[in-house]
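This is what each chain is made of:
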Amino acid sequence: MEICPVCFKEFPTNELENHVETCLFLHSSDTSSEPNRTRGRKRTSVLPCNGGPSTSEVPNMVLWGPPGCGKTSLANIIRGMCEKTFTKLRYIGTCGVNCGGRDLEKIIMEAEKAVKLGLHMVVFIDEIHQLSKRLQDVLWEYILRGTLTLIGATTENPSFCIKSALLNLLRVIVMQKLKRSDLIAILEDTTRQLSINVVHNKLFQGTNCKRPVITHSDITWLVDTSDGDARIALNNLQLMLCHDGYGSIKSEMKKSHMMYDRRGEEHHNTIAAMHESIRGSNDNAAIYWTARMLVSGEDPLFIARRLVRAASEEMGNSDPNSLQLAVSTMHGCQLLDRGDREVLLAQCALYLARAPTLKREYFRLEKVKQVIADCHGPQPSVPFHLRNIPEKLLAELGVDNKRSFMPEGMEHLKFY
């Protein structure tokens, strides 16, 4: 027995093909009135004005946002739309973590079968940044043909983890971390669906109430410990109900980890924020972002190395002590344990943020690099009198050792 992809009823294998032809004819009445010139023409995928997917068109897109912000929930809404009986869309989902070449080949075969039946396949790939570059190239080919529509979900910056050719075919939908009011609404809606009583004080809930009970303060505490992640808030709600409130487990249920991956997007975002705060001479922001990284579990030595770079790039020779302090901080971090390292990093970050900034060295170095890159033909050779040649040989060659230190033809350039 096999399932008809149009009406979802089971039929014997030898009868399925004839049934599908009949089923397609019966369900094609909504398009029979279209002019012949519009039949078979591929429609341009667009988002409707209200921002949600329409019932007949889904664009190629990638959902980019932090964990627990609703990426998979939006994909499930699209899935429900595709599973409606009278739509021409079919849905299949997978995960980039365990999606290999054979898995993708099966998905493409299903998409090609759907095209032959007059349908269109919508493919959802969660964690699409885990998909190999080779498989991304395969997807690009079939998206370009119009064989399938791709919806990806990722927590990483698509510009860094998705090949540019594939990204050019996708619309990037940026989803933000959920606000406090959003989390409260989600938890309150969950309590209504699960028939959970929400009271102001458990002491006045009554003795005959057999339904689970939770207080408004419990919901507030759940929101404050979830860091904008709805999934964590719901999981903690379940744990709270199992333990009859959070009084006995509050010390064990720690605040949710901040979204921070030492190799991911937030790693680079946060260290850039610290550097920009030092560049902008904002000591308040500099100490905040430094502490933010430490609380999130960043390696103190990595922070120390970036402080060394900031001291050289931002202060330069306007305050030579900045570089000396930054290097001493890095050495100190190699000698002390984590708690003592944090004090050193905070001291250095504050000093750099308050030091006078003078980026002449950095910009002059960039200017010199540009001159080297713009050189037409081979780079000029090192003058003989500057080479590692004994003075006796230089004298025999008749080389004047008092000539310019710049290469020949570049004596007029002034960088300082």
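Keep in mind it's a predicted model, so treat the numbers as computed, not measured.

Caption draft 1: Quick look at the sheet that holds strand β4 (residues 89-95). Taken in spatial order, the five strands of this open sheet run β4-β5-β6-β3-β7, and their pairing is parallel. With one partner strand each, in any of the chains shown, β4 and β7 (171-174) form the two edges of the open sheet. Strand-to-strand twist across the sheet, computed as the mean angle between neighbouring axes with direction ignored, equals 20°. Pairing of β4 with strand β5 (residues 120-126) involves seven bridges; the strand directions are parallel. Looking at β5, one finds that Gly 93 is bridged to Phe 124.

Caption draft 2: Main features of the nonpolar core. Core analysis: the largest hydrophobic core is formed by 24 residues, its most contacted members being Ile 125, Leu 139, Leu 148, Leu 150 and Ile 162. Among the elements of the structure, α3 (101-116), β5, α4 (133-145), β6 (148-154) and α6 (164-167) are those that each provide at least two residues to this core. The element that contributes the greatest number of residues to this core is α3, accounting for five residues. Discounting chain neighbours no more than four positions away, the residues touching Leu 150 are Pro 59, Asn 60, Met 61, Val 123, Ile 125, Ile 128, Leu 139, Ile 143, Leu 166 and Leu 170. Listed in part, the 23 residues of the second largest apolar core include Ile 271, Ile 303, Ala 304 and Ala 326.

Caption draft 3: Up close: helix α8 (residues 216-224). For α8, every residue scored as buried is listed here: Asp 218, Ile 219, Trp 221, Leu 222 and Val 223. At its buried positions, α8 is contacted by α7 (180-193), β8 (197-199), β9 (213-215) and α9 (230-242).

Caption draft 4: Representation of the packing of α7 against α9. Interaxial distance between α7 and α9 falls to 10 Å at its minimum, and their mutual angle equals 40°. Judged by the inter-axis angle, α7 sits oblique to α9. When you trace α7 past α9, the crossing you get is right-handed. Residues Leu 183, Ile 186, Leu 187 and Thr 190 of α7 touch α9, and the partners they reach there are Ala 230, Ala 233, Leu 234 and Leu 237.

Caption draft 5: Representation of unusual backbone geometry within the structure. One non-glycine residue, Ser 195, lies in positive phi territory at about 55°. Among the structural elements, Ser 195 can be located in the loop between α7 and β8. Ser 195 gets classed as partly exposed once you look at its relative accessible area, which sits at 36%. Of note in the backbone geometry, Ser 281 takes a positive phi value of approximately 55° without being a glycine.

Definitions and cut-offs
- Residues numbered from 1 in each chain as written.
- Predicted model: local features only at pLDDT ≥ 70, side-chain atom pairs only at ≥ 80, totals over all residues.
- Heavy atoms only, no water.
- Pairing = 2+ DSSP bridges.
- Helix = DSSP H or I, 4+ residues; strand = E, 2+ residues; numbered from the N terminus.
- Axes fitted to C-alpha atoms, helices over the stretch in contact; angles between N-to-C directions.
- Core = buried A, V, L, I, M, F, W, Y, C linked by side-chain atoms within 4.5 Å.
- Buried < 20%, exposed > 50% of the residue type's maximum accessible area, 1.4 Å probe, protein only.
- Contact = heavy atoms within 4.5 Å.
- Parallel < 35°, antiparallel > 145°, perpendicular 65-115°, else oblique.
- Left-handed = near helix turned anticlockwise from the far one by under 90°.

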